[in-house]
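# Geometric and topological summary
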Amino acid sequence: MSKSKQKGTLAETAVADYLKQTFPAVERRTLSGQNDKGDIAGVPGCVIEVKNQRSYKINEWLKETEVERINAGVELGVLVIKPVGVGVAHTNKWWAVVSLETITRLIEELESAKRLQSSRD
C-alpha cells in the first residue's frame, strides 16, 4: 500500500472510530471508483469524505463530497480534514467542512425542531 493510501486509511479509521461513539453502525467504505459514496457510512442521511494531506484543496474536495452525496442519495455531505499537526488522538479537533448554504439549512432545521418541541411542552 502506498504511503498516501496509508495516510488516508489511518485518517478514515480515526474518523470512523470517533463517530462510532455516537453512531454505532459507522464503518469505512471500500473504494468504489466513479460511483463513490464517501469514505464513511453509517451516519443517517450523511456521507463523509475524509482528507489527510499537507496541502488543502478545499474547493476541489467539497465538489468531490457533493458528487458522493448525490451518488449516495442522502441529504448531507461533510468533508472532514485532518489538520497538519493534529494526530489521531485528537480526531475531535479535526475540521468538518460544509458550505454556508448547508450550515444555514442545518441551523434552520435545528431551530424548527426546537420550536416544535417548545410547542409540545
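Below you will find a few notes about this structure. (Residues numbered from 1 in each chain as written. Predicted model: local features only at pLDDT ≥ 70, side-chain atom pairs only at ≥ 80, totals over all residues. Heavy atoms only, no water.)

## Things to note about the nonpolar core
As a reminder, the rule being used: Residue types Ala, Val, Leu, Ile, Met, Phe, Trp, Tyr and Cys, when buried and joined through side-chain atoms within 4.5 Å, form a set referred to as a nonpolar core. Using a 1.4 Å probe on the protein chains alone, a residue whose accessible area is under 20% of its type maximum counts as buried, one over 50% counts as exposed, and one in between counts as partly exposed. Numbering of helices and strands runs from the N terminus; a helix is a DSSP stretch of H or I covering at least four residues, while a strand is a stretch of E covering at least two. Contacts are residue-level and defined by heavy atoms, with any inter-residue pair within 4.5 Å sufficient.
Counting 15 residues, the largest nonpolar core has V15, L19, I40, I48, V50 and V80 as its most contacted members. Of all the elements in the fold, those that place two or more residues in this core are α1 (3-20), β3 (46-51) and β4 (76-81). Among the elements that take part in this core, α1 stands out by supplying 5 residues, more than any other. Every residue in contact with I40, bar those within four places of it in the chain, is listed here: E12, V15, A16, L19, V26, E27, R28, R29, V47, I48 and V50.

## Here's the deal with the pattern of salt bridges
Test applied: Just to be clear on terms, a salt bridge is a Lys or Arg side-chain nitrogen sitting within 4 Å of an Asp or Glu carboxyl oxygen.
Considering all chains together, one arrives at 6 salt bridges under this definition. K51 is the salt-bridge partner of E49, the closest N and O atoms lying 3.2 Å from each other. Side by side, E49 and K51 carry an identical accessibility label, which is buried. A salt bridge links E111 to K114; the nearest nitrogen and oxygen atoms lie 3.7 Å apart. Within this pair, E111 and its partner K114 are both found in helix α3 (residues 100-120), separated by 3 residues, close to a single helical turn. Residue classification places E111 among the partly exposed residues on the basis of a relative accessible area of 34%. On the accessibility criterion, K114 (46% relative accessible area) is partly exposed. Each of the salt bridges in this network shares a partner with another, and the network as a whole consists of E49, K51 and E64.

## Description of the pairing of β4
Filter applied, for reference: By definition, two strands form a pair when at least two bridges between them are found by DSSP. Throughout, right-handed denotes a crossover for which the path from the first strand over the helix to the second runs clockwise when the strands point away from the viewer.
β4 sits mainly inside the fold: 6 of its 6 residues count as buried. Two strands pair when backbone bridges link them, and β3 and β4 are joined in this way by 6 bridges, in the parallel orientation. Bridging across to β4, V50 finds its partner in V80. At this point the chain moves from β3, through helix α2 (residues 58-72), to the parallel β4, and the crossover so formed is right-handed.

## Some details on the environment of E27
With respect to the secondary-structure elements, E27 resides in strand β1 (residues 27-28). Taking the C-alpha atoms as reference points, E27 and A41, separated by 14 residues in sequence, lie 5.4 Å from one another. Non-local contacts of E27, meaning those with residues more than four positions away in its chain, are made with D39, I40 and A41.

## Remarks on α2
Every α-helix carries 3.6 residues per turn, so stepping three or four residues along brings you back to the same face. Note the following rule: What a helix is expected to span follows from its residue count: subtract one and scale by 1.5 Å. Within this analysis, the arc is defined by the directions that extend from the helix axis to the C-beta atoms.
In this model, α2 (15 residues) spans 20 Å end to end at C-alpha, consistent with the 21 Å of a helix rising 1.5 Å per residue. Among the residues of α2, those classed as buried are W61, T65, E68 and R69. Relative to the axis of α2, the buried residues are bounded by an arc of 105 degrees and lie together on one face. Facing away from the buried side of α2 by more than 90 degrees, the exposed set consists of N59, K63 and I70. Where the residues of α2 are buried, they touch β3 and β4. Taken from the residues just after α2, G73 is the one with a positive phi, measuring 65 degrees.

Keep in mind that these numbers describe shape and distance, not what the molecule does.
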